[in-house]
Amino acid sequence: KQKKLDSSGLNTSRFGVRGTEDLGGGLKAGFWLESQLNTDTGTADSSRFWGRRATVSLFGDFGEVRLGRYKTATKLHIEDFDPYSATGLGDVTTVFGNALGTGASTFSRADNMVSYETPKNLGGFYGAADIAAGEGNNTNKMQDVRLGYKNGPVHVSAAYSSTGVGTKYKVQSIAGSYDFSGIKPALMYTPSKAGSAEIKAVNAALAWSLGQGCLQTSYTGS
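Residues numbered from 1 in each chain as written. Predicted model: local features only at pLDDT ≥ 70, side-chain atom pairs only at ≥ 80, totals over all residues. Heavy atoms only, no water.

A short note on the overall build of the protein
Assigned secondary structure in the protein consists of one helix and twelve strands. Shown N-terminal to C-terminal, the secondary structure of the protein runs as helices and strands in the order β-β-β-β-α-β-β-β-β-β-β-β-β. For 222 residues, the compact-globule formula gives about 17 Å, and the C-alpha radius of gyration of the protein, at 18 Å, lands near that figure. Along the first, second and third principal axes, the C-alpha set of the protein runs to 50 × 45 × 40 Å. Residues counted as buried form 37% of the 222 residues belonging to the protein. Restricting to contacts in the protein with at least 6 residues of sequence separation, those with at least 24 account for 43%. The average position of the 23 basic charges and that of the 19 acidic charges among the side chains of the protein differ by 5 Å. (Helix = DSSP H or I, 4+ residues; strand = E, 2+ residues; numbered from the N terminus. Rg over C-alpha atoms; globule rule 2.2 N^0.38 Å. Buried < 20%, exposed > 50% of the residue type's maximum accessible area, 1.4 Å probe, protein only. Contact = heavy atoms within 4.5 Å. Lys, Arg positive; Asp, Glu negative; His and termini not counted. Charge placed at Lys NZ, Arg CZ, Asp CG, Glu CD.)

Shown next, in the form of structure tokens:
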């Protein structure tokens, strides 16, 4: 029998600072520092302080160029179609997020990353790409790309990531959703592979907006 007090049973509590500076001519610079906060002990991430995000960015008509540690484009793609945002009891990534024994830790977030996101005025089309340096750890070398379309009730997206050298951990995912005035079904197919090991995950989800709340359910099989 065990009695304990835990923090962040669903989403992690967080602490952060961020800001932007107008450089003129349509350019802006920004920074974002964000840490996990364990409210039961007062501690942060066990391995780093700004573990959730530590980035500097340059914004303009060309989109955004971002440097530092943040979520990968592939993880952001998956969060958009998992009604639980890849967090908590219904987290879809529990099926395929273990890097298949490669030791890669860049599926969710990556260090030393250079990222690009397209501007918001492309008629619903968008894209993003990341590249991360291993800096002494080849299992953390990563490249990924995402392309999508979101306009009105329609949202479709595809993403691909490759991590490491030699036996690479590769994740592909394609997904779509349609919002029927508050009732939104989504379907996502995510094969992941490392050498001969492979998982093909299919996720079917439904989110139903109810005033300020939301009823959501999903099924993931492989």
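Focus on the pairing of strand β6 (residues 125-132)
Two faces belong to every sheet, and in a regular strand the side chains alternate between them. Of the strand pairs in this sheet, strand β5 (residues 109-117) and β6 are connected by five bridges, and their pairing is antiparallel. In the strand pairing of β6, Glu117 is matched with Ala128. In terms of strand pairing, β6 meets strand β7 (residues 142-151) through eight bridges, oriented antiparallel. What sits directly across from Ala129, in β7, is Val145. (Pairing = 2+ DSSP bridges.)

Some thoughts on the sheet that holds strand β11 (residues 197-210)
Judged by pairing direction, the sheet is antiparallel, and its twelve strands sit side by side in the order β1-β2-β3-β4-β5-β6-β7-β8-β9-β10-β11-β12 without closing on themselves. Only two strands of the sheet have a single partner each, and these edge strands are β1 (13-24) and β12 (213-221). Between one strand axis and the next, the sheet turns through 15° on average, direction left out of account. Two strands pair when backbone bridges link them, and β11 and β12 are joined in this way by nine bridges, in the antiparallel orientation. By the bridge assignment for β12, Trp208 is matched with Leu215. The sheet strands contacting helix α1 (residues 73-81) are β4 (63-71), β6, β7, β8 (154-163), β9 (169-178), β10 (183-194) and β11, and the helix crosses β8 at an angle near 145°. (Axes fitted to C-alpha atoms, helices over the stretch in contact; angles between N-to-C directions.)

With respect to unusual backbone geometry
A positive phi angle, close to 55°, is found at Ser85, a residue other than glycine. Mapping Ser85 onto the fold places it in the loop between α1 and β5. A positive phi angle is found at Glu135, which is not glycine, with a value near 50°. Summarising the element assignment, Glu135 is placed in the loop between β6 and β7.

A closer look at the pattern of salt bridges
Considering all chains together, one arrives at nine salt bridges under this definition. Residue Glu34 pairs with Arg52 through a salt bridge whose shortest N-O separation is 2.6 Å. Residue Glu34 is located in strand β2 (residues 27-37), and its partner Arg52 is located in the loop between β2 and β3 (53-60); the two are separated by 18 residues in the primary sequence. Neither residue differs from the other here; Glu34 and Arg52 are each classed as buried. In this structure, Asp111 engages Arg69 in a salt bridge whose closest nitrogen and oxygen atoms are separated by 2.7 Å. Highlighted residues: Asp111 in strand β5 and Arg69 in strand β4, separated in sequence by 42 residues. Linked through salt bridges whose partners overlap, the residues forming this network are Arg14, Glu34 and Arg52. (Salt bridge = Lys/Arg side-chain N within 4 Å of Asp/Glu carboxyl O.)

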